[in-house]
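# Descriptive structure summary
Chain by chain, the residues run as shown.
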Amino acid sequence: MARVKEIMAKEIRLDKYLAEMGQGTRSQIKEMARKGRISVDGIPEKKPERKIDPACNQVELDGRIIEYAKYEYYLLNKPQGVVSATEDSRYETVISLIRDRKRDDLFPVGRLDIDTEGLLLITNDGDLAHQLLSPKKHVDKVYFARVDGELPADAKNRMKEGLEISEGILTLPADLEILNYGQNRASSEIRLTIREGKFHQVKRMFEVLGCSVVYLKRLSMGSLTLDETLEPGQYRLLTEEEIGELKSHGKERKA
Ligand code: URA
């Protein structure tokens, strides 16, 4: 009986299959089926409620094979000028950059500012997103930044102690590494590791130190690291190994 349930659980309705793969609304798909535009294993299928096993059945729309993916995971090197949102009336979104996507329910895991570049995970896996974003999990996020203004001598300690970035809002301890200084120490390049994701957090932390971030790029999030071969705007699928590591990383980090 359990085995029968397991087999049935893999099956989904034909209209759900096609809607999830971004081929239209349920009512549009019903109409497509009525017109004979949909076939299953080469045979036209007029019943949108027909159950499909994505692992066994081949679904076609207008003769084009529509492959099914329950979850998708993309690593995007976010470019500047694009917003971390699923829809926006003014700007291009990070989702529109994922041109090969199969699913229509992808979202960015967390937000980078419009002028921030770097690692952004794009998926439709809500459980994984929750594990990575939950304030209780303290997942490390590493940023590279160019900072204008002289850093105070105690900058590292102050970052380590936590900074009050607005009234009553204290950051968790962060690790600051100064990579190099510009002329007269009037600017610097740094790497900062934070364990939360407050609004404009990195920029606000440097403001408290009397400096301003002029370039910001995220290098990693948990176990996932930006692929240096990806130019801004480019993306790739995560490997099975990376997905596994991210899932176990999120679970381990409960403290
Ligand atoms: N901190 C910021 O200030 N901006 C970002 O985009 C990410 C972290």
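Going by the structure above, here's the rest.
The rules behind each value
Residues numbered from 1 in each chain as written. Predicted model: local features only at pLDDT ≥ 70, side-chain atom pairs only at ≥ 80, totals over all residues. Heavy atoms only, no water. Phe/Tyr/Trp six-rings, centres within 6.5 Å; stacked < 30°, edge-to-face > 60°. Lys NZ or Arg CZ within 6 Å of the ring centre and 35° of its normal. Core = buried A, V, L, I, M, F, W, Y, C linked by side-chain atoms within 4.5 Å. Buried < 20%, exposed > 50% of the residue type's maximum accessible area, 1.4 Å probe, protein only. Helix = DSSP H or I, 4+ residues; strand = E, 2+ residues; numbered from the N terminus. Contact = heavy atoms within 4.5 Å. 1 Å grid on protein atoms, 1.4 Å probe; cavity = no way out; pocket = protein on both sides within 12 Å on 5 of 7 lines; lining within 4 Å. Points joined across faces, edges and corners; volume = space filled by probe spheres on them. Nonpolar A, V, L, I, M, F, W, Y, C, P; charged D, E, K, R; others polar. Arc of directions from axis to C-beta. Polar contact = N/O pair within 3.5 Å; in protein donor to acceptor, adjacent residues only side chain to side chain. Salt bridge = Lys/Arg side-chain N within 4 Å of Asp/Glu carboxyl O. Near = heavy atom within 4 Å. Areas by Shrake-Rupley, 256 points an atom, 1.4 Å probe, with all protein chains shown as cover. Sits in = over half its atoms within 2 Å of the grid points.

### Considerations on the packing of aromatic side chains
Across all of its chains, the model carries four aromatic pairs by this definition. For the cation-ring pair, Arg146 lies above Tyr215, with the distance from its terminal atom to the ring centre recorded as 4.8 Å. Geometry around Tyr181 places Arg185 over its ring, the cationic atom sitting 4.0 Å from the centre.

### Details of the nonpolar core
Counting residues in hydrophobic clusters, the biggest one holds 32 residues, and the most contacted among them are Ile122, Met159, Ile190, Leu192, Val202, Met205 and Phe206. Of all the secondary-structure elements, those providing two or more residues to this core are β7 (73-78), β9 (116-123), β10 (141-148), α5 (155-161), β14 (187-194), α6 (201-208) and β15 (212-221). When near neighbours in sequence (up to four residues on either side) are disregarded, Phe206 contacts Val147, Leu151, Met159, Leu176, Ile190, Leu192, Cys211 and Val213. In terms of nonpolar packing, the next biggest core, distinct from the first, is built from 16 residues, Leu119, Leu128, Ala129 and Leu224 among them.

### Focus on the layout of surface pockets
Considered as a void within the structure, the largest pocket measures approximately 560 Å³ in volume. If you go around the largest pocket, you meet 28 residues; those closest to its centre are Arg111, Leu112, Gly197, Lys198 and Phe199. Tallied by class, the residues present in the lining of the largest pocket amount to 13 nonpolar, eight polar and seven charged.

### Quick notes on α6
When you tally the buried positions in α6, you get six out of eight residues, the bulk of the element. Residues of α6 that are buried: Gln201, Val202, Lys203, Arg204, Met205 and Phe206. Where α6 ends, the next residue or the one after it, Gly210, has phi of about 80°, a positive value.

### Some thoughts on helix α4 (residues 126-133)
Within the span of α4, buried status applies to Leu128, Ala129, Gln131 and Leu132. Along the long axis of α4, the arc covered by the buried residues comes to 160°, so they all point the same way. With respect to the buried face of α4, the exposed residues turned more than 90 degrees away are Asp127 and His130. Capping the start of α4 is the job of one residue whose side-chain oxygen sits 3.2 Å from the backbone nitrogen of Asp127: Asp125.

### Things to note about the pattern of salt bridges
One side chain can pair with another of opposite charge once the charged atoms of both are near each other. This structure, assessed with the given rule, holds 21 salt bridges. Between Arg195 and Asp140 there is a salt bridge whose closest N-O contact spans 2.9 Å. Taken together, the residues span a long stretch of sequence, with Arg195 in the loop between β14 and α6 and Asp140 in the loop between α4 and β10 at a distance of 55 residues. Three or more residues joined by partner-sharing salt bridges are found here, namely Lys16, Glu20, Arg103 and Asp105.

### Here's the deal with the site of the ligand
Residues in close proximity to the ligand include Leu112, Asp113, Thr116, Tyr143, His200, Gln201, Val202, Lys203 and Leu216, which together make up its full environment. Between the ligand and the protein, one listed contact pairs a nitrogen atom with a backbone N or O atom of Val202 at 3.1 Å. Here the ligand, which alone exposes 240 Å², has 96% of that area covered by the protein. Assessed atom by atom at 2 Å from the grid points, the ligand resides in the largest pocket. Here the shell around the ligand takes three residues from α6, the largest share from any one element. Taken together, the residues of the shell around the ligand sort by class into four nonpolar, three polar and two charged.

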